[in-house]
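Chain residues, written in single-letter form:
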Amino acid sequence: MMPLSTQVAWLFLVAIPVACIAWTVTHEEVFKEPREYCLKQSTSRKTLLGRKFFYLFTCEYCFSHYVTVFILILTGYKFLMDDWRGYLLAGFAIVWVANFYMSIFALLKIDIKKERLEAKKEEDQINGKK
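Please read these numbers as outputs of a predicted model, since none were measured by experiment. (Residues numbered from 1 in each chain as written. Predicted model: local features only at pLDDT ≥ 70, side-chain atom pairs only at ≥ 80, totals over all residues. Heavy atoms only, no water.)

Asks: Help me out: how do you make sense of the overall build of the chain in this one?
Replies: Within the chain, the secondary structure is distributed over five helices and zero strands. Its helices and strands taken in sequence order, the chain reads α-α-α-α-α from the N to the C terminus. Along the longest, intermediate and shortest principal axes, the C-alpha atoms of the chain span 70 × 45 × 20 Å. Counting across all 130 residues of the chain, residues that qualify as buried make up 30%. In the chain, the share of contacts with a sequence separation of at least 24, taken over all contacts with a separation of at least 6, comes to 57%. In the structure as shown, the chain presents an accessible area of about 9300 Å², 68% of it carried by carbon and sulfur atoms. A distance of 7 Å separates the average location of the 17 positive side-chain charges in the chain from that of its 13 negative side-chain charges. (Helix = DSSP H or I, 4+ residues; strand = E, 2+ residues; numbered from the N terminus. Buried < 20%, exposed > 50% of the residue type's maximum accessible area, 1.4 Å probe, protein only. Contact = heavy atoms within 4.5 Å. Areas by Shrake-Rupley, 256 points an atom, 1.4 Å probe, with all protein chains shown as cover. Lys, Arg positive; Asp, Glu negative; His and termini not counted. Charge placed at Lys NZ, Arg CZ, Asp CG, Glu CD.)

Shown next as structure tokens:
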């Protein structure tokens, strides 16, 4: 078993790629077309299972659970306990930290966009007065 400080460091580090992958798939332009397809399927499928399956690819919180499972298989990371319970705790802890990271990122993106719009508005006003 790793020392607790190492486990905590791993928790915060492993959550970074989980957040990055989940955010990219559910928000960024590179996955826009597949995401729009999944969004359409998540509302038009006849079965509950079909709708929920496609919804997973449009929600960063939902998708982060599946990315976390993949990362746990890849790394073998366990949190606090050295058996299956350690995987379970690690999974929920990573999802929580990753979603915290994504929330911070979303707020930063909004602030940056707001600042750009304000700067553009000021630039337009200055250019309009000349």
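Asks: What should I look at first to understand the packing of aromatic side chains in this one?
Replies: Under the definition given, this model contains eight aromatic pairs. Plain terms: the ring middles of W10 and Y77 are 6.0 Å apart, the flat faces sit at 10° to each other, and that makes the pair stacked. One end of the pair, W10, is in helix α1 (residues 4-27); the other, Y77, is in the loop between α4 (60-75) and α5 (84-129), with 67 residues separating them in the sequence. Among the aromatic residues, ring-to-ring pairing joins Y37, F53, F54, F57 and F63 into one connected group. (Phe/Tyr/Trp six-rings, centres within 6.5 Å; stacked < 30°, edge-to-face > 60°.)

Asks: Can you help me understand the packing of helix α2 (residues 32-44) against helix α3 (residues 48-55) in this one?
Replies: In helix packing, the relevant descriptors are the interaxial angle and the interaxial distance, both defined with respect to the helix axes. At a closest axis distance of 7 Å, the pairing of α2 and α3 adopts a crossing angle of 155°. With respect to each other, α2 and α3 are oriented roughly antiparallel. Judged by the sense of rotation from one axis to the other, the crossing of α2 with α3 is left-handed. On α3, the residues touching Y37, C38, Q41, S42 and T43 of α2 are R51, F54 and Y55. Along the lines of polarity and charge, the residues of the contact of α2 with α3 split into four nonpolar, three polar and one charged. (Axes fitted to C-alpha atoms, helices over the stretch in contact; angles between N-to-C directions. Parallel < 35°, antiparallel > 145°, perpendicular 65-115°, else oblique. Left-handed = near helix turned anticlockwise from the far one by under 90°. Nonpolar A, V, L, I, M, F, W, Y, C, P; charged D, E, K, R; others polar.)

Asks: What am I meant to see in the nonpolar core here?
Replies: Side chains that are nonpolar tend, in soluble globular proteins, to be buried together. Core analysis: the largest hydrophobic core is formed by 20 residues, its most contacted members being L11, V18, Y77, F79 and I94. Those elements that provide at least two residues to this core are α1, α4 and α5. If you tally residues by element for this core, the top one is α1, at eight residues. Leaving out residues up to four positions away in the same chain, I94 has contacts with L11, V14, A15, V18, T68, L72 and Y77. (Core = buried A, V, L, I, M, F, W, Y, C linked by side-chain atoms within 4.5 Å.)

Asks: I tried to follow the pattern of salt bridges on my own but got confused; where do I start?
Replies: Pairs can form between side chains of opposite charge once their charged atoms are near each other. Tallied over the entire structure, the rule returns five salt bridges. Residues K78 and D82 are paired through a salt bridge, measuring 3.7 Å at the closest nitrogen-oxygen approach. The exposure class assigned to D82 is exposed, which follows from its relative accessible area of 51%. Note that D83 is salt-bridged to R85, the shortest N-O span being 3.0 Å. Since its relative accessible area comes to 27%, D83 is described here as partly exposed. The partly exposed category is assigned to R85, whose relative accessible area is 38%. (Salt bridge = Lys/Arg side-chain N within 4 Å of Asp/Glu carboxyl O.)

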